[in-house]
Amino acid sequence: MARSRMQRFLPAATCFVLAVALASPAGSATNAPTAGSALELGSYLAGQHAFRQRDFDAAARYMSEALRAPPPDPGLLRRALIAKLASGRADAARALARQLLAIEEDAPLATLSLAVGDLKAAGFDSARERLSAILPRGPNPFYGPLLSAWAEVGSGDYDAALAALGEPDGNRNTAAFRSLHTALILDLADRPEEAKRAYLAAADEMRQPTARFVQAIGSFFRRNGEAAEAERRFRAFLAEPNRSPLIESELADLLAGKPAKRVVTDAVEGAAEVFFDAASLSTRARSTELGLIYGQLALDLRPDFPSARVLVGQIFESVGRDESAVRAYGRVDGASPLSWSARLRRAGGLSRLGREDEAIRILRRMATERAERTDALTTLGDLFRSKKRFSESVEAYDAAIGRIGTIETRHWRLLFSRGIALERSKNWPRAEKDLIAALELSPDEPYLLNYLGYSWVDQGIKLDDARRMIERAVELEPQSGAIVDSLGWALYRMGDYAGAVEKLERAAELEPLDPTVNDHLGDAYWRVGRRNEAAFQWRRALNLDPEPDQVTIIEGKIARGLSAPKAGGGAR
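Residues numbered from 1 in each chain as written. Predicted model: local features only at pLDDT ≥ 70, side-chain atom pairs only at ≥ 80, totals over all residues. Heavy atoms only, no water.

Looking at this model, I keep getting lost on the overall build of the protein chain. Mind explaining?
Of regular secondary structure, the protein chain possesses 30 helices and zero strands. Here the protein chain holds 572 residues, and 51% of them are scored as buried. Entry remark: accessible area of the protein chain is about 25700 Å², with carbon and sulfur atoms responsible for 50%. Side chains of the protein chain give 78 positive and 78 negative charges; the mean places of these two sets differ by 4 Å. (Helix = DSSP H or I, 4+ residues; strand = E, 2+ residues; numbered from the N terminus. Buried < 20%, exposed > 50% of the residue type's maximum accessible area, 1.4 Å probe, protein only. Areas by Shrake-Rupley, 256 points an atom, 1.4 Å probe, with all protein chains shown as cover. Lys, Arg positive; Asp, Glu negative; His and termini not counted. Charge placed at Lys NZ, Arg CZ, Asp CG, Glu CD.)

Have a look at this one:
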C-alpha cells in the first residue's frame, strides 16, 4: 500500500514582529488566587489550561469565575481581559479594563480597549487622550499614531490627522502601512493628487501587495478616472499564484461598469483598518493572542468587515480551534466576495469536528450553485479522502476534472489527489495514469515523486525507475522521514538489505512514531540477521496504531519471522 505525507510548510515570517509587551511590566503572567473558595481556584487552573489550548472562550469563562474571589488580582484581571478580547467579547473586556485601571494606572491593553470603545461611540477626544497615555511602549509606536490620526479624522481635522501619523521610522513594513493610511486619509479628504502619491509610495514599500491593498488602490484609480490602471493592477495581482475572490470581484465589477466604492468611508472604519493591518502583521509573526485581539477589535469597530472575519477564522483554524473558526466563517456576509472561500473553510472545519454530513451538504450545494467552479468539488473529494471514503472521493474528483477544459500545470495537484484516491480504491491502472500525468506537469514535486515511486516499489515493479524517483525526492526533502523510508524500502525490495537498514534507521530517527517506518525497519533487521531488534521494531509498530489490514501481518511476523526472500526481491 502506497503511503505519503502531504505536509504543508508555512514560510517563517520575515516582516516586522510586533512586541508582545501589551500588558503591564508584570507581563501576562499571573499567580493563582490567594483567597476564595476551591471553586475559584479550580476555575483559575481550568482557565490556565484553556489558555494553553488556545481555547479563549473557555479561558474567558473560567477566568471570570476565578475573579469572584476577592480581592481582584491584577494578573488575573489581565489574563481575563486578554481572553475576553481574543474571544471577541469587547464590551465585557472593557468592564474588566475599568476594574484593572482602578487598581493600577499602567495597564496599556486595558487603556487600549477603552480607547476602542471611545472610537466606536464617536468619543474621539477621549480616544486621543487614552491613546496618548500608552504611545511610548510596546507595539504602540506602530498602531498608536495611526489610531490617533483616525481619531483626528473623526473630529474633522485632516491636517492634524496627517501630523499625528508622525515621520517614517525606517522600517519598510511599517512604512508601507503608514503610507497606506496616509493615502486613505487623503482620499477621504478629497485630496486626490496627494492621495495618489501616498498610494504609490505604499505600493513601492510593500514587498508583496495584499489583496486588501490592491482593492484599495484599485478603488482609488477607478474613482479618479483611471480605470485602465486599476484593471492593470487587478490583473497583475491575479496573474501571481493568488486566487483572490476579493480581487476577482473587483475586476468583474470594473468590467461590468459598476461604480467603485471606498474601502474606508469614515474614521471608525479607518481605525478598524488599523487593527486589521496589525492583526495581519501579528499573524505573520505567529503571535496568536495579539492577532486575535487585534482582529476582534477590528470587528468590534466594524462588524461588517468580511476580511477581518476571515482572518480571525484563519487564526483560530491555525491553532486547531475549529469550533471558533467555524463560527467566524459562518458570520461572513453572504453578499461578500469572501463568502465563497469562507464557506469552503467552514466546511473543512465542520469535517474536522466530525460533522462531515453538514460539510458534505454545504459543498454539494456550492458545487451546484457555481457550475463553472471546481473548488467545492475538489474540497469535497479531499473530505471524502480524509475519511477514507475513496470511491466517493474519486467521484468528486472526476466531476471536478470534468469541469476543466484544458488541463494545465496548476492542475497537477488535482490529478495527484485523484491518483491517491484511485490507488486506495484498488484501481491501480487509473491511479498510475493520473500520477504519471501529474508528474509530467510538475516533475520536481517531492511527495508526488515519492508516492509514485513507493507505489511501484510496494508492488515490486519498475524498481530502478522507482529508486531514481525516490532518490530525487530525498534530494528535494532530505528531512522527510516518509520519503527516506521509501528509499530504504526500495533498497529492501531490490535485495540491498544493508543499505536498507542504513536508510530505514535514518527514517526512524525522523519519524519515530510512524508504524510503517518501524515495520519496515523490523523487516530489514530480520534480513541482516538482527532478529531480536526486528521483533522489537515489529512490536513497536504494532503499538503505534498501524492500518487495520497490517495488524495481522505484523502479528504473524512477531510470531514466525519472515519467510526466505523470493528471487529478485525481498519478500515479506
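The structure having been displayed, the exposition proceeds.
For this particular structure, what's the right way to read the packing of aromatic side chains?
A ring pair, where both rings are aromatic, is described by two values, the distance of the centres and the angle of the planes. This model, assessed by the stated rule, comprises twelve aromatic pairs. Ring centres 5.9 Å apart and planes at 65° place the aromatic pair Tyr 143 and Tyr 294 in the edge-to-face group. Highlighted residues: Tyr 143 in helix α7 (residues 140-154) and Tyr 294 in helix α15 (residues 288-301), separated in sequence by 151 residues. On the accessibility criterion, Tyr 294 (0% relative accessible area) is buried. Cluster of aromatic residues (ring-pair linked, three or more members): Tyr 143, Phe 275 and Tyr 294. One cation-aromatic arrangement involves Arg 79 over Phe 51; the distance from NZ or CZ to the ring centre is 3.7 Å. Taking NZ or CZ as reference, Arg 302 lies 5.2 Å from the ring centre of Phe 305, over its face. (Phe/Tyr/Trp six-rings, centres within 6.5 Å; stacked < 30°, edge-to-face > 60°. Lys NZ or Arg CZ within 6 Å of the ring centre and 35° of its normal.)

Which parts of the structure should I look at to understand the nonpolar core?
Considering soluble globular proteins, one finds that nonpolar side chains tend to be buried as a cluster. By size, the foremost hydrophobic cluster in this structure holds 103 residues, and its most contacted members are Leu 112, Leu 147, Trp 150, Tyr 199, Phe 275 and Tyr 294. Counting 71 residues, the second-largest nonpolar core is a separate cluster that includes Tyr 397, Leu 414, Leu 448 and Leu 487. (Core = buried A, V, L, I, M, F, W, Y, C linked by side-chain atoms within 4.5 Å.)

How should unusual backbone geometry be read in this particular structure?
Residues other than glycine predominantly adopt negative phi, and peptide bonds predominantly adopt the trans conformation. Positive phi is not limited to glycine here, since Lys 462 has a value of about 50°. With respect to the element layout, Lys 462 can be found in the loop between α24 (446-459) and α25 (463-476). Relative accessible area serves as the criterion here: at 41%, Lys 462 is assigned to the partly exposed category. We note that Asp 545 has phi near 60°; this positive angle belongs to a residue other than glycine. Here Asp 545 is to be found in the loop between α29 (531-542) and α30 (548-560). Classification of Asp 545 as exposed rests on a relative accessible area of 68%.

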